[in-house]
Amino acid sequence: MSKNTSQQHSATALSDSLSHLPTDDAHSKKDVKIANSLSNPPRRQFTRQRRQLTAGERRHYARMASLHLIKLQQRLPPRARIGLYYDGFGELPTQPLLDWCQHLGYLPYLPVIGSLGRTRNGNDDKRLRFVPIYQSKLLNIPTRIHSLGMKQNHHRRLLWAHELDVIICPLVAVDKNGNRMGMGGGFYDTTLGKSHQAGLKKPLKIGWCYDFQVVEQLERQPWDVPLNGIITPSGLRWFR
């Protein structure tokens, strides 16, 4: 059995075993909190698996995933606006997404955190806005490091999420119903929450990840925004 297949099986097995833990018969708020925390695999399980891959393995899996982008473009208008992201934490590399955009004449964008200032509580406004990409390589884009560790580019031309046709969303794990586990910051859920609640078709929300990040079931919170589909090295899967 290959290393990747073994990792995928272990992740799925852990998810299956944890999803059967009882949560509805907890007798106190503390019990409920503990039960809910046990319903999802820990984020470090997936981030560790990502970081164990070599650079060559990451590029290989990204090339495999990019072969399935043709199925996504069937749903896109000419010169579609595509939100991407920097892969900086062992994620499936996103350079092939930028190559795809530029090859087909799509307009690529990157997310910016904190462009709207701070809320009344003194925290960064979590709504993302998006800046255009003009370089052919993500490595060549001037960036600043956000306090949370993400790279981001600053530009005066900022778009709202609803102005994009597709947002490729980073994730730690995703289940077979499209429920997404992010890094815990809530930026994408906050950004996409209103359009999701209103039932808007734009933007399409697409996950881009390794196969071992797909599990049977994740605990969903009321504020979570599910994905419309995911692309992995194995293929494209639509959820709704």
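Along each chain, residue indices are assigned from 1 in the same order as the chain's sequence is written. Residue-level local features of this predicted model are given only where pLDDT is at least 70; pairs of side-chain atoms are given and counted only at 80 or more, and the full residue set underlies all totals for whole chains, interfaces and linings. Neither water nor hydrogens contribute to the side-chain values; these are computed over all heavy atoms in the structure.

1. Comments concerning the pattern of salt bridges
- Salt bridge, as used here: a side-chain nitrogen of Lys or Arg that lies within 4 Å of a carboxyl oxygen of Asp or Glu. Evaluated as defined, the whole model comprises two salt bridges.
- A salt bridge links aspartate 165 to lysine 202; the shortest N-O distance between them is 3.7 Å. Of this pair, aspartate 165 sits in the loop between β6 (159-160) and β7 (166-169) while lysine 202 sits in the loop between α7 (187-197) and β10 (204-208), and the two are 37 residues apart along the sequence.
- Accessibility here uses a 1.4 Å probe with only protein chains present; expressed as a share of the type maximum, an area under 20% marks a residue as buried, one over 50% as exposed, and anything in between as partly exposed. A relative accessible area of 13% means that aspartate 165 is categorised as buried.
- Taking relative accessible area as the criterion, lysine 202 reaches 37% and is therefore assigned partly exposed.
- In this structure, glutamate 216 engages lysine 176 in a salt bridge whose closest nitrogen and oxygen atoms are separated by 3.1 Å. Taken as a pair, glutamate 216 in the loop between β11 (214-215) and β12 (229-232) and lysine 176 in the loop between β8 (173-175) and β9 (180-181) lie far apart in primary sequence, 40 residues in all. Secondary structure is summarised from DSSP: a helix means a run of H or I of at least four residues, a strand means a run of E of at least two, and numbering begins at the N terminus for each.

2. Topic: unusual backbone geometry
- In the segment running from lysine 202 into proline 203, the intervening peptide bond is cis, with an omega of -10°.
- Positive phi outside glycine occurs at arginine 79, with the angle close to 55°.
- We classify arginine 79 as exposed; its relative accessible area is 55%.

3. Structural notes on the nonpolar core
- Counting 53 residues, the largest nonpolar core has Leu72, Leu76, Ile82, Leu84, Ile168 and Trp208 as the members making the most contacts within it.
- In these notes, a set of buried Ala, Val, Leu, Ile, Met, Phe, Trp, Tyr and Cys residues joined through side-chain atoms within 4.5 Å is what counts as a nonpolar core. Counting six residues, the second largest nonpolar core, distinct from the first, contains Phe46, Val172, Ala173 and Leu218.

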